[in-house]
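Residue-level structure breakdown
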Amino acid sequence: MNIKEIVINLCSYSDEQEWFEFKENWFEPEALGEYVSALSNAAAFHHKKQAYFVWGVNDETHEITGTTFNQYRDMNHEPYQNYLARNLSPSVNFSFEEEAFDGKRVVVLVIPAAEEIPTSFKEKRYIRIGSSKCNLKDYPKREIQLFKILDGREETIETKAAKYQELTFNKLFGYYGSKGIVLKKNTFEKNLGLRNDEGEYNLLAQLLSDDSHFPLRVSIFDGETKASNLFSVREFGNNCLLYTLDEVLRYGDVLNIIQADETNRVVERKEVPLFDNKAFREAIINAVLHNYWVGGNEPMISVFSNRIEILSRGSISPAQTMDGFFNGESIPVNDKLSEIFLQLHISEKSGRGVPKITETYGKNAFDFRENSIVVTIPFEKLNRNEKKTKDTIEEKTKGLNSHRTRILSEMRDNPNVTADELAKILSISKTAIENNIAFLKKNGYVERIGANKGGYWKILG
């Protein structure tokens, strides 16, 4: 156990989590026992193997300040550690560890997660709710959930074995490398938590492997309901989930047609996007991050003539409240996946995703169904009587030859399509493809976003 690495990792969080606590010199013998019970149960609740109570760190700034806390003190003529062990049930194999950071003393109480039944102190069971220590019996839903976890009835992406065990991770290494992070081949499986307790690859490993077997589909309808004609289906995957997510986010740029607002025009026309791209991005990331992957289904994205619906499976975490959800108090459904997203700066610890969506579209953008959550991103159309997506594309391509029309269609369905791939699809030479693309770019039909390798095509409105 490397205490320095543990403390540095805990300090990197912007807020205290329910499975660790920072103090500087605080000590109340009874309250500390209650904290041990609360943290042990919280660690189990969040599928952590251990919880931590740390002295010598400021709980607001997470600055290492040092401590004078004495873990060897007595309690009523009895060593405090004996007193603590005697009053915990079932027995908890906790330990006090000590380390110096640039001469500043830090003490860490390492607390194993509860097993089989919740941990109690003086016959009372406690749990962490946010940063508060609470009596578990006052939160029956959380108590029921905790018992399900402890008796193994609840599977997670970390505990459920992958359907496929012959997994490779070349793309995962490439993605981390693109972010300036080097994965070590001999430790990445352990560090990322890609195996369950039985040593099998878990569902998290499958999601991050070169072929996750979980595609993300974008279905485009030419009306306002699924009874309308299906215009097209774009499938992203089966790939490493991180790359699949990137592809869907890029496809959002393709869908987000820029409209020209000629109202009260004086000099320059105002360009208005079809929808707020930041809200769309947060909704997609949240759908992937909090999806109930254990159920075997991926998020679903449906584009209608007046809106986009982004559906994620499952519901909010049992540890979450509706007020907390809308206030951005992030409680991940998939803990380890959340840590990976944070490490790669795909999402943030600030929990601003939901507030960003509600700030733009209001709380009614969220629809909480029995087994899913749907976020609706409405379109802001300057002309509410404008033609539907299919008609708009046909109008725009009027006057183009068949090759250029087909290239535009392929680029819209697959923004990552290459000239080589287009040459095969259209059965013409690569030179002819490049000449046609040059025409489309020069005349404002398409724009290349990013480099030739790794970039994508954007259809201009």
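The preceding data block contains the structure.
Residues numbered from 1 in each chain as written. Predicted model: local features only at pLDDT ≥ 70, side-chain atom pairs only at ≥ 80, totals over all residues. Heavy atoms only, no water.

Glancing now at the packing of aromatic side chains. Here a ring pair, both rings aromatic, is described through the centre-centre distance and the interplanar angle of the planes. By the definition in use, this model includes 31 aromatic pairs. An angle of 50° between the planes, with centres 5.3 Å apart, marks the rings of Phe20 and Phe22 as tilted. Given a relative accessible area of 0%, Phe20 falls into the buried group. A ring pair is formed by Phe27 and Phe69, whose centres lie 5.7 Å apart and whose planes are at 50°; its orientation type is tilted. Here Phe27 is found in the loop between β1 (20-23) and α2 (29-45), whereas its partner Phe69 is found in the loop between β2 (50-55) and α3 (80-87), with 42 residues between them in sequence. (Phe/Tyr/Trp six-rings, centres within 6.5 Å; stacked < 30°, edge-to-face > 60°. Buried < 20%, exposed > 50% of the residue type's maximum accessible area, 1.4 Å probe, protein only. Helix = DSSP H or I, 4+ residues; strand = E, 2+ residues; numbered from the N terminus.)

Along β2, 5 of the 6 residues are buried, which leaves the element largely enclosed by surrounding structure. Pairing between β1 and β2: 4 bridges, direction parallel. In the strand pairing of β2, Glu21 is matched with Phe53. Pairing geometry for β2 and strand β5 (residues 104-112), over 6 bridges, is antiparallel. Bridge pairing in β5 links Tyr52 to Val110. (Pairing = 2+ DSSP bridges.)

With that out of the way, let us pick up the packing of helix α9 (residues 277-289) against helix α12 (residues 353-361). Two numbers describe how α9 lies on α12: the axes approach to 9 Å, and their chain directions differ by 140°. Considered as vectors, α9 and α12 are oriented oblique to each other. In the crossing of α9 with α12, the sense of the turn from one axis to the other is left-handed. Contact residues: α9 offers Lys278, Ala279, Glu282, Ala283 and Asn286, while α12 offers Gly353, Val354, Lys356, Ile357, Thr360 and Tyr361. Class assignment of the residues belonging to the contact of α9 with α12 gives a composition of 5 nonpolar, 3 polar and 3 charged. (Axes fitted to C-alpha atoms, helices over the stretch in contact; angles between N-to-C directions. Parallel < 35°, antiparallel > 145°, perpendicular 65-115°, else oblique. Left-handed = near helix turned anticlockwise from the far one by under 90°. Contact = heavy atoms within 4.5 Å. Nonpolar A, V, L, I, M, F, W, Y, C, P; charged D, E, K, R; others polar.)

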